[in-house]
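Close look at the chain arrangement
Residue-level listing of the chains:
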Amino acid sequence: MIAQTAGVSTKTLYRLFPAKADLFSSVISKKIKNYILALDTEGAAETPLQESLEKLLISYGRLTLSEETIAMTRLVLSESDRFPEIAAIFYEQAIRKTSKAIENWLKKRMSSGQIELDDPGAATGMLRGMMAMEPQRAVMLGQLANIPDAEIISRAQTCTKLFLQGCKRQ
């Protein structure tokens with residue numbers, strides 16, 4: 001079916017991608033590369049802190065909460081026992097790379113003195129979870145059909161405020 005959709009022979013597909021894991025890795029790598037390019041981490045240094053974090057979280061939300069990514073996550077979860085190499089690829093190529101991009105953003109802002117964190121790695125996990133966990137789970141469990149872009153933007157704005165201001169009483 002993949003070969004037919006791509007307009008190539010099955011033989012050509014297997015020559016390009018000898019195993020399912022190779023094909024999966026290629027798809028994941030392309031999607032993550034596009035995400036990282038969309039972050040524009042160089043231009044982010046000149047963007048005000050709140051706006052920059054919102055943009056980062058919107059990009060992350062659009063990636064993580066897309067129908068395609070949620071379908072891929074379902075596939076990985078359902079097939080991870082039979083194909084552990086696909087789960088490992090997804091973890092390395094998707095989860096670790098997006099985490100690293102967010103962590104690098106946090107470290108740059110720490111270096112410039114704009115934020116202070118004891119553990120940027122832990123903060124990255126918290127930001128990721130705050131942004132995507134609940135809506136992604138709702139879609140995966142069939143409680144929502146999808147996450148509208150307006151909701152992703154609103155959630156990114158709320159997460160940004162919570163993260164930057166904390167929950168202190170003012």
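Calculation notes
Residues numbered from 1 in each chain as written. Predicted model: local features only at pLDDT ≥ 70, side-chain atom pairs only at ≥ 80, totals over all residues. Heavy atoms only, no water. 1 Å grid on protein atoms, 1.4 Å probe; cavity = no way out; pocket = protein on both sides within 12 Å on 5 of 7 lines; lining within 4 Å. Points joined across faces, edges and corners; volume = space filled by probe spheres on them. Helix = DSSP H or I, 4+ residues; strand = E, 2+ residues; numbered from the N terminus. Nonpolar A, V, L, I, M, F, W, Y, C, P; charged D, E, K, R; others polar. Core = buried A, V, L, I, M, F, W, Y, C linked by side-chain atoms within 4.5 Å. Buried < 20%, exposed > 50% of the residue type's maximum accessible area, 1.4 Å probe, protein only. Contact = heavy atoms within 4.5 Å. Expected span 1.5 Å × (residues − 1). Bend = angle between axes of the 7 residues up to and from the residue. Axes fitted to C-alpha atoms, helices over the stretch in contact; angles between N-to-C directions. Parallel < 35°, antiparallel > 145°, perpendicular 65-115°, else oblique. Salt bridge = Lys/Arg side-chain N within 4 Å of Asp/Glu carboxyl O. Left-handed = near helix turned anticlockwise from the far one by under 90°.

The name an unreviewed UniProt entry gives the protein is AcrR family transcriptional regulator, with Rhizobium miluonense as the organism.

**With respect to the layout of surface pockets**
Empty space within the second largest pocket amounts to approximately 500 Å³. Along the wall of the second largest pocket there are 27 residues; nearest its centre are Thr73, Phe90, Ile95, Arg128 and Gln136. Elements represented by at least two residues in the lining of the second largest pocket include exactly α3 (20-39), α5 (49-64), α6 (67-79), α7 (84-111) and α8 (120-140). Ranked by the residues each element gives to the lining of the second largest pocket, the list is headed by α8, at eight residues. Of the residues in the lining of the second largest pocket, the class split is 16 nonpolar, eight polar and three charged.

**Some thoughts on the nonpolar core**
The biggest cluster of nonpolar side chains holds 21 residues, and the ones touching the most others in it are Leu57, Leu106 and Met131. Residue assignment for this core shows that the elements contributing at least two residues are α5, α7, α8 and α9 (149-165). Excluding residues within four positions of it along the chain, Met131 makes contact with Leu57, Tyr60, Gly61, Leu65, Ile152, Arg155, Ala156 and Cys159. The next biggest cluster of nonpolar side chains, apart from the first, holds nine residues, and it includes Ile28, Met72, Phe83 and Phe90.

**Some words on α7**
With 28 residues, α7 extends 38 Å between its outermost C-alpha atoms, agreeing within 8% with the 40 Å of an ideal straight helix rising 1.5 Å per residue. Taken as a whole, α7 carries its principal kink of about 30° at Tyr91. Downstream of α7 by a residue or two, Gly113 has a phi angle that is positive, lying close to 80°.

**Quick notes on α5**
Between the first and last C-alpha of α5 there are 22 Å, a value that for 16 residues agrees with the 22 Å anticipated at 1.5 Å per step. Burial analysis of α5 places 12 of its 16 residues in the buried class, which makes it a mostly covered element.

**Regarding the packing of α5 against α7**
The N-to-C vectors of α5 and α7 enclose an angle of 175°; their axes lie 12 Å apart at closest approach. Viewed along their axes, α5 and α7 adopt a mutual orientation that is roughly antiparallel. Residues Leu49, Ser52, Leu53, Leu56, Tyr60 and Leu63 of α5 lie in contact with α7, whose contacting residues are Thr98, Ile102, Trp105 and Arg109. Grouping the constituent residues of the contact of α5 with α7 by class yields seven nonpolar, two polar and one charged.

**Quick word on the pattern of salt bridges**
Following the criterion strictly, the structure yields five salt bridges and no others. A salt bridge links Glu103 to Lys107; its shortest N-O distance comes to 3.2 Å. Here Glu103 and its partner Lys107 are both found in helix α7, four residues apart, which amounts to about one turn of the helix. Residue classification places Glu103 among the buried residues on the basis of a relative accessible area of 17%. You can call Lys107 partly exposed: its relative accessible area is 33%.

**A few points about the environment of Met140**
Within the secondary structure, Met140 sits in helix α8. Along the primary structure Met140 and Ile70 are separated by 70 residues, whereas in three dimensions their C-alpha atoms are 6.9 Å apart. Sequence-distant contacts of Met140, that is, excluding residues within four places in its chain, are made with Ile70, Thr73, Arg74 and Leu77.

**Structural notes on the packing of α5 against α9**
Orientation of α5 relative to α9, taken along the N-to-C sense of each, is 135°, at an axis distance of 8 Å. Classified by the angle between their axes, α5 and α9 sit oblique to one another. Handedness of the α5/α9 crossing: right-handed. When α5 is examined against α9, the residues Leu49, Gln50, Leu53, Glu54, Leu57, Ile58, Gly61 and Arg62 are found in contact with a partner set consisting of Asp149, Ile152, Ile153, Ala156, Gln157, Cys159, Thr160, Lys161, Phe163 and Leu164. For the contact of α5 with α9, a count of residues per class yields 10 nonpolar, four polar and four charged.

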